[in-house]
Amino acid sequence: MQDFARRLLLLVLIGALTAGWLAARPASPQRILASLEAIPCTAFVSNAPETLVPSGEAQMPEKQAPATGLFELAAEAMPAPYSLRWRIGVGIPDGNPYVFDWMSPRPGWYLNWFTNPFTAPGTQAAALGMEFSPMLRLRADGLQPNLATIYRQAQARPGMVWLVGNEPDVRWQDDATPEEYACQYYRAWHAIKLADPSAQVAIGGISQVTPLRLRYLDAVLASYQEQFGAPMAVDVWNIHAFVLREQAGEWGVDLPPGFEGATDGVLWDVEDHDDLGLVEEQVRRMRGWMAERGERDKPLYITEYGILMPAEAGFTPSRVINFMVGSFDLLDSLTDEDLGYPQDENRLVQRWVWFSTRYYLYPAGDLFTTEGTPLPPLRALSGYIRAHLQSTK
């Protein structure tokens, strides 16, 4: 009887220890992803038309057929961190960088509004010499791609900078209220970091840095704190630097979701669109906002800027090139001892992305023809990097 009692006590003790161990052990990734998927994020849908350019400025162009042929490109080394080539990037709406006949030297990085780089991992990606930053999108049915796919991709390509959304403040882009964006950012951040702790997560770029758009960002941070009881963790701050109108129902970027009654939008005009002074003003405004919130010690990226206005509005190829080259001079030289990023000699901007390789709605800033061959802006971009490399030898 005593042996039976001892045996029963031992079994109870083992059961208790096992239950304790099961409760204390880390949850499996699948269980964590399932719990993230279960978080309800209310979707906001504006169904607004795209009205960036004033009506009457140009005929609406026909949509281009996706490029199908691939170019054979000579291998190019990845850029050294903090080099000029590392800083300059491009947006590739077509997705695949190999549909274009790049000149050398190439920009140091690219994004394509997808999480798929369209290059085979390993040799092909390395030979391109252009670092890729994946971008998640916010859609009416949630994050695109879903969390399971994000997790697999982050595991497969460690160490990348992930962009969570594209212009959530714009109604025909990711179109999210501050509450919705904060919720989706929480889900995305945790899925990415679960898969790859070395990954960096960047907030989705607001379309331009104005007092109204910064109120939108403040509302995102406040909502995140309210929903999850902790400050929003951002590894890389990210903006767009367009110069567009902020007025409901007019050309430009309209009012942010959740700010329908706002009356303090900036009313820039078409002729302001390539004003580099206004680009600098936005950068300094953003860096000041970051410093006030204890975020100075973080990189700042501009993941989209360029010329959207058509040639018919006076934005000729030479004017576009002057703006592009002037912006490179500006962004590479902006520093501030009180606001800049200390790890980068107090520069205000670490990296930037020109829009774009080619896009049928806004072709003024295109770097390539429909066939994928270089246009004068691409020659100017490559020549700018080449001249810098020669001057620093």
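Our subject in this report is the structure included herewith. (Residues numbered from 1 in each chain as written. Predicted model: local features only at pLDDT ≥ 70, side-chain atom pairs only at ≥ 80, totals over all residues. Heavy atoms only, no water.)

Points about the overall build of the protein chain
So, step 1. Within the protein chain one finds 10 helices and 10 strands.
So, step 2. Taking the principal axes of its C-alpha atoms as reference, the protein chain extends roughly 100 × 55 × 45 Å.
So, step 3. Burial status across the protein chain gives 52% buried among its 393 residues.
So, step 4. Considering only residue pairs separated by 6 or more positions, the protein chain has 72% of its internal contacts joining residues 24 or more positions apart.
So, step 5. When the accessible surface of the protein chain is summed, it comes to about 17,400 Å², and 55% of that surface belongs to carbon and sulfur atoms.
So, step 6. In the protein chain, the 31 positive side-chain charges and the 47 negative ones have mean positions that sit 9 Å from each other. (Helix = DSSP H or I, 4+ residues; strand = E, 2+ residues; numbered from the N terminus. Buried < 20%, exposed > 50% of the residue type's maximum accessible area, 1.4 Å probe, protein only. Contact = heavy atoms within 4.5 Å. Areas by Shrake-Rupley, 256 points an atom, 1.4 Å probe, with all protein chains shown as cover. Lys, Arg positive; Asp, Glu negative; His and termini not counted. Charge placed at Lys NZ, Arg CZ, Asp CG, Glu CD.)

Looking at the environment of Glu 226
So, step 1. By secondary structure assignment, the location of Glu 226 is in helix 7 (residues 211-228).
So, step 2. By relative accessible area, which is 72% here, Glu 226 ends up exposed.

Section: the packing of aromatic side chains
So, step 1. Taken as a whole, this structure holds 23 aromatic pairs when the rule is applied.
So, step 2. The interplanar angle of 50° and the centroid separation of 6.2 Å between the aromatic rings of Tyr 216 and Phe 259 together place this pair among those described as tilted. Taken together, the residues span a long stretch of sequence, with Tyr 216 in helix 7 and Phe 259 in the loop between strand 8 (237-240) and helix 8 (276-292) at a distance of 43 residues.
So, step 3. Judged by its relative accessible area of 12%, Phe 259 is buried.
So, step 4. Aromatic rings pair up to connect Trp 113, Phe 355, Tyr 359, Tyr 360 and Tyr 362 into one cluster.
So, step 5. It is Arg 319 that lies over the ring of Phe 315; its NZ or CZ is 3.9 Å from the centre.
So, step 6. Positioned above the aromatic ring of Trp 109, the side-chain terminus of Arg 351 is 4.6 Å from the ring centre. (Phe/Tyr/Trp six-rings, centres within 6.5 Å; stacked < 30°, edge-to-face > 60°. Lys NZ or Arg CZ within 6 Å of the ring centre and 35° of its normal.)

Some details on the side chain of Asp 254
So, step 1. Along the chain, Asp 254 turns up in the loop between strand 8 and helix 8.
So, step 2. Judged by relative accessible area, which is 11%, Asp 254 ranks as buried.
So, step 3. Only 3.3 Å separates the side chain of Asp 254 from the backbone nitrogen of Gly 249, close enough to count as a polar contact.
So, step 4. The residues contacting Asp 254, other than those within four sequence positions of it, are Arg 171, Trp 172, Arg 213, Arg 245, Glu 246, Gln 247, Ala 248 and Gly 249. (Polar contact = N/O pair within 3.5 Å; in protein donor to acceptor, adjacent residues only side chain to side chain.)

A short note on the nonpolar core
Generally speaking, soluble globular proteins have nonpolar side chains that are buried together.
So, step 1. Ranked by internal contacts, the top residues of the largest apolar core, which has 110 residues, are Trp 102, Tyr 181, Tyr 185, Met 286, Ile 302, Tyr 305 and Trp 352.
So, step 2. Residue contributions to this core peak at nine residues, all from helix 6 (residues 178-195). (Core = buried A, V, L, I, M, F, W, Y, C linked by side-chain atoms within 4.5 Å.)

With respect to the state of the cysteines
So, step 1. Tallying each qualifying case throughout the model produces one disulfide.
So, step 2. Paired by a disulfide, Cys 41 and Cys 183 hold their sulfur atoms 1.9 Å apart. Between Cys 41 and Cys 183 the sulfur-sulfur dihedral comes to about -75°; the bridge is accordingly left-handed. Of this pair, Cys 41 sits in the loop between helix 2 (29-37) and helix 3 (84-87) while Cys 183 sits in helix 6, and the two are 142 residues apart along the sequence. Accessibility classification places Cys 41 together with Cys 183 in one group, the buried group. (Disulfide = S-S within 2.5 Å.)

Thoughts on the sheet that holds strand 6 (residues 161-166)
So, step 1. Across the sheet, which stays open at both edges, the four strands sit in the order 5-4-6-7 with mixed pairing between neighbours. In the strand order of this sheet, the two ends are held by strand 5 (142-144) and strand 7 (200-205), each with one partner. Neighbour to neighbour, the strand axes of the sheet diverge by 25° on average, direction disregarded.
So, step 2. With five bridges connecting them, strand 6 and strand 7 associate as parallel partners. Paired with Leu 163 across the bridge in strand 7 is Ala 202.
So, step 3. Where helix 5 (residues 147-156) meets the sheet, it contacts strand 4 (135-139), strand 5 and strand 6, and its direction lies at approximately 155° from that of strand 6.
So, step 4. Against the sheet, helix 6 contacts strand 4, strand 5, strand 6 and strand 7, and its axis sits at roughly 155° relative to strand 7. (Pairing = 2+ DSSP bridges. Axes fitted to C-alpha atoms, helices over the stretch in contact; angles between N-to-C directions.)

Re the pairing of strand 8
So, step 1. The alternating pattern of strand 8 places Trp 237 and Ile 239 on one face and Asn 238 and His 240 on the opposite face, and all of these are buried.
So, step 2. Running through helix 8, the crossover from strand 8 to the neighbouring parallel element strand 9 (residues 300-306) is right-handed. (Right-handed = clockwise from strand over helix to strand, strands pointing away.)

Here's the deal with the sheet that holds strand 3 (residues 131-132)
So, step 1. Spatial strand order, 3-2-1-10-9-8: six strands in an open sheet with parallel pairing. Looking at strand neighbours, the two that pair on one side only are strand 3 and strand 8, the edges of this open sheet.
So, step 2. Where strand 8 lies against strand 9, four bridges are found, and the strand directions are parallel. Bridged to Trp 237 within strand 9 is Leu 300.

What to know about the packing of helix 8 against helix 9 (residues 317-333)
So, step 1. Contact geometry of helix 8 with helix 9 gives a least axis separation of 10 Å together with a crossing angle of 35°. Here helix 8 and helix 9 pass one another in a crossing that is right-handed. Every residue of helix 9 that contacts helix 8 at Leu 276, Val 279, Glu 280 and Val 283 is listed here: Phe 323, Gly 326, Ser 327, Leu 330 and Leu 331.
So, step 2. Split into classes, the residues belonging to the contact of helix 8 with helix 9 amount to six nonpolar, two polar and one charged. (Left-handed = near helix turned anticlockwise from the far one by under 90°. Nonpolar A, V, L, I, M, F, W, Y, C, P; charged D, E, K, R; others polar.)

Comments concerning the layout of surface pockets
So, step 1. Counted as a void, the second largest pocket has a volume near 460 Å³.
So, step 2. In this structure, the second largest pocket is lined by 22 residues; those nearest its centre are Trp 113, Arg 137, Asn 166, Gln 173 and Tyr 359. (1 Å grid on protein atoms, 1.4 Å probe; cavity = no way out; pocket = protein on both sides within 12 Å on 5 of 7 lines; lining within 4 Å. Points joined across faces, edges and corners; volume = space filled by probe spheres on them.)

Examining unusual backbone geometry
So, step 1. A cis amide bond, omega 0°, links Gln 144 with the succeeding residue Pro 145.
So, step 2. With respect to the secondary-structure elements, Pro 145 resides in the loop between strand 5 and helix 5.
So, step 3. With an omega dihedral of 0°, the bond running from Phe 355 to Ser 356 counts as a cis peptide bond.
So, step 4. By the secondary structure assignment, Ser 356 is in the loop between strand 10 (351-355) and helix 10 (376-391).
So, step 5. With a phi angle near 55°, Asn 47 is a residue other than glycine that sits in the positive phi range.
So, step 6. By secondary structure assignment, the location of Asn 47 is in the loop between helix 2 and helix 3.
So, step 7. Residue classification places Asn 47 among the exposed positions, given a relative accessible area of 71%.

Function cannot be read off these values alone, since they describe shape.
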